[in-house]
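For reference, the chains in residue letters:
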Protein chains: 2
Amino acid sequence: MFEAAELGRKIAKEEFDRIAPALRTEMVEIQQNLRRADFPVILVFAGVDGAGKSESANLLNEWMDPRWIQTQVYGDPTREEIEKPEYWRYWRDLPPKGQFAIYLSAWYSRPVLDHVYGGTDRADLDATLDRINSFEKTLTDDGALVLKFWMHLSQPEQKKRLKKLERDPDQSWRVTKADWKNYKNYDRFIATAERTIMRTSTGDAPWMIVEGKDNRYRSLTVLSTIRDAVRKHLKHREAELKISAEMRKSRREAATGKGKADKAPTTVLNGQPSILDKLDMDQAVSRETYRTEIRKLRARLNALYRQSKAAGFSTLAVFEGWDAGGKGGTIRRMVSALDARDYRVLPFAAPTDEEAARHYLWRFWRHIPRAGRLTVFDRSWYGRVLVERVEHFASDEEWGRAYAEINDFEAQLVEHGSLLLKFWMNITKEEQEARFKNREVTPYKSWKLTDEDWRNREKWDEYELAVNEMVERTSTLIAPWTLVEGNDKRFARLKVVRTLCDRLQARLEG
Amino acid sequence: MFEAAELGRKIAKEEFDRIAPALRTEMVEIQQNLRRADFPVILVFAGVDGAGKSESANLLNEWMDPRWIQTQVYGDPTREEIEKPEYWRYWRDLPPKGQFAIYLSAWYSRPVLDHVYGGTDRADLDATLDRINSFEKTLTDDGALVLKFWMHLSQPEQKKRLKKLERDPDQSWRVTKADWKNYKNYDRFIATAERTIMRTSTGDAPWMIVEGKDNRYRSLTVLSTIRDAVRKHLKHREAELKISAEMRKSRREAATGKGKADKAPTTVLNGQPSILDKLDMDQAVSRETYRTEIRKLRARLNALYRQSKAAGFSTLAVFEGWDAGGKGGTIRRMVSALDARDYRVLPFAAPTDEEAARHYLWRFWRHIPRAGRLTVFDRSWYGRVLVERVEHFASDEEWGRAYAEINDFEAQLVEHGSLLLKFWMNITKEEQEARFKNREVTPYKSWKLTDEDWRNREKWDEYELAVNEMVERTSTLIAPWTLVEGNDKRFARLKVVRTLCDRLQARLEG
């Protein structure tokens, strides 16, 4: 795989000086064009120590404007990083649309080093590489341009380079013990690298192998590759957005009867009973039963939660449901059994502008709780396949692939050791109407009701289709949905708190 | 001070049950009214262990909607928190406008405990309390409502309470060894508390001492105090905003000649030579000198910077200057001597909506570098006393008090051990015109020039006044301004890089 990168390709100084000024101007131009575009450029620099990863990052920062480039390097994880899934720090640092981010090794570092030194086997390596593929696909599907450069040196060249760096008093600090350790394990390192590149070089996020021996050759290769890829992506993305806008328009027109469009593909068949239809919505409990039960459950929850704090895992509770489905009230009853310092309730409505400039999952990654804490999501990432689907804020393609993205996201949470609960607060259409009307006449509840609620209600059937499909596609063994029969508030509250208790207990006993 | 909080005041259950429902509805109402308001409510709960700090936080979360309340508790500082000034974590967690935040002890914890156990003397205690006063003043000046509750128990009552909690299997976890240690040091704790309350109870951020013996009494006292204070502040703030809007309007009209208004108070006298007038703007260096010098300086900077990384302090470099003053180009030359992984260049233009919902300093606090890193601020917190002043985005009162806020902010950075540099990139009005015209005709520079630049230029004199006053008021011994004669770009770049080198060296040798 690396033969072509050991050919000793180089560029003479005169040649470089001839080409460089124009390339430099072009780099400034594409950076300015990118600033107005709707996607970020994510560059990964990895490879053999001494082959020029940092130098390439420095050159980009020198030739372009460093104000719109961020360079990310990761050391050993901090306490907070350990308490969250591995990819949390990479998500945290994702650049907004219009900017460059340079990642030095980043998510490739651990899989490769663990395989070279840590004794992970081939299957372990492959599993971590699959995770990388999912992550990068999530980014590229969202429009990001992901380019990966593998800087290569042959073993003799690497030795020469490290020696040379060591001799230079201004550069010797770059050479660490780890570099020489890697050098000694060159063959194993290269074999791992080959497998890594082989399995993670995808059509959308390809690896470019660059010979690192000659600085000028490497610099021109890396920069002109970036230039061409950004230019191409700018054009491509523009065309894509046009198509997607047209499709969404025709979909909206179809929805309002103004035009016609293909029905979005769906696995739920019209006229067939849905998952929600199967719920026994008449279930209810008396006030007395509720009082006795909720007291017991609150004590149980409090005890279990303290054990979970001691056990050091975090809990995420997602609430979705119909408007007026009782999310707020249920959440309050649930958390009131806990200590305010241990939980956080986060309502999600329209994204802030910092959130809107990034992948839709970013705003949820940023709120993943630390060890021993509970975060309640009042609405969540499922907005992508509910409101964004029904209101055509997301294209069919976008919400269609969200099921896989969400399952992958949730798998990372659970693999990390977090407990994840998902509640759908269900009420019937009649019950919703009654609650809306009640809100209209109750002074301290009237703020809860907006015109939008009435408009959403008109789309009940479309939402029902979306809910059914959501449950079907994302209720997994590790993260099942709990459907809550919510016409009776007392029944619903008991069911939610009991479910949380049962899941905490199972997790503690498991 | 605490006599009145040992009177054994209590409220009977019937009385409580009679009052509670209405109070609860009122709490929900004020929370909804607050959501539309332009200020946050910051509650500090501190006091004797067992006197009901957590219980009060829990009750607020139970009675109001926890989605718009955040409860903050702090343990030992994390690695990242240690690497930044002490108040970084409190700034990080400041709530946006319209929300409640409950801080449990928070910034009061360390000063009190250090004095009780750590052997800090009276003067040390007072110094930390002064810092608290500045911090809270910064918040209240910005419109925040800050309310502080000291929950009190007499020593015999505290013993009873801790014993009782220990006996209750559901509550015993609340009682820690530290609680009993505090109990044994009750007298010293109370004496420290008294001084703390005495020195930090201000008109805008008052302490309320609440007897904690009876839960019902404490709950009703705390909640009704909050209710009344929020109501009053909502009214007050509305009136204040009206006045301030009118004043700004008349100021703007005066500026455009449409009306008359008092001149904003200023320490720079018209007609007198200004600080900028004293600069020798003809200074220049030849291309050859520049080439030699910049090479030497870059090597020197690189070496010094590596030493500073090893020494573990962070560096902040602020760049302000006239439009086209050469900030961007100078920053690029400066950072290109460094490794891209060690620095971050942050351009500041309009705030994001998350930033706009908080104190103007919040967006800078969030970007304070970690140990060993450099952050370059391309425009900064000085916007408050420059563009916001001249364009009347900030009221006279707001930009007028910003000098003190900024000096305090910078003192915290320097006391923490960070190195802070501030550069004013100065050019003459003629030079600016020449550069604007050059940008107009140079394709790859044209994006830099906007209509706003020409508009700003019309206000040159007002900006000059603001710059002079800024330098006069904020050039301190610990954080001096470096005025850079920038008509000659080469001279400017050398001066900036040399200053950075000299300051790094002085810091390393000091």
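Going by the structure above, here's the rest.
Residues numbered from 1 in each chain as written. Chains lettered and ligands numbered in written order. Predicted model: local features only at pLDDT ≥ 70, side-chain atom pairs only at ≥ 80, totals over all residues.

A. Summary view of the overall build of chain A. Counting its regular elements, chain A contains 20 helices and 10 strands. Projected onto its principal axes, the C-alpha positions of chain A cover 85 × 60 × 40 Å. A buried classification covers 38% of the 510 residues belonging to chain A. Residue pairs at least 24 apart in sequence account for 82% of intrachain contacts in chain A once pairs closer than 6 positions are excluded. (Helix = DSSP H or I, 4+ residues; strand = E, 2+ residues; numbered from the N terminus. Buried ≥ 20, exposed ≤ 12 C-beta atoms within 10 Å, placed from the backbone. Contact = placed C-beta atoms within 7 Å.)

B. Region of interest: the pairing of strand 6 (residues 315-321) of chain A. Residues and elements named next belong to chain A. Within strand 6, seven of the seven residues are buried, which leaves the element mostly enclosed by the surrounding structure. Neither face of strand 6 is left uncovered, since the one carrying T315, A317, F319 and G321 and the one carrying L316, V318 and E320 both have all their residues buried. Sheet topology note: the strand 6/strand 8 (residues 374-378) ladder contains five bridges and is parallel. Bridging from a neighbouring strand, L316 pairs with T375 of strand 8. The pairing of strand 6 with strand 9 (residues 419-426) spans seven bridges and is classified as parallel. By the bridge assignment for strand 9, T315 is matched with L419. (Pairing = 2+ DSSP bridges.)

C. Broad picture of the interface of chain A and chain B. Contact residues are listed per partner, giving 42 residues for chain A and 42 residues for chain B. Broken down by element, the side of chain A that touches chain B gets its largest block of residues, five residues, from helix 2 (residues 53-63) of chain A. Residues belonging to the side of chain A that touches chain B are distributed by class as follows: 15 nonpolar, 12 polar and 15 charged. (Nonpolar A, V, L, I, M, F, W, Y, C, P; charged D, E, K, R; others polar.)

D. Spatial organisation of the relation of the copies chain A and chain B. In the superposition of chain A on chain B (RMSD 0.0 Å, axial shift 0.0 Å), the rotation amounts to 180 degrees. These values place the two chain copies in the arrangement generated by a two-fold rotation axis. Residue D353(A) of chain A places its C-alpha closer to the rotation axis than any other residue of that unit, at 3.2 Å. The overlap is high: 100% of the interface residues of chain A also sit at the interface in chain B, so the same surface is used on both sides. (Least-squares fit on C-alpha atoms with pLDDT ≥ 70 in both.)

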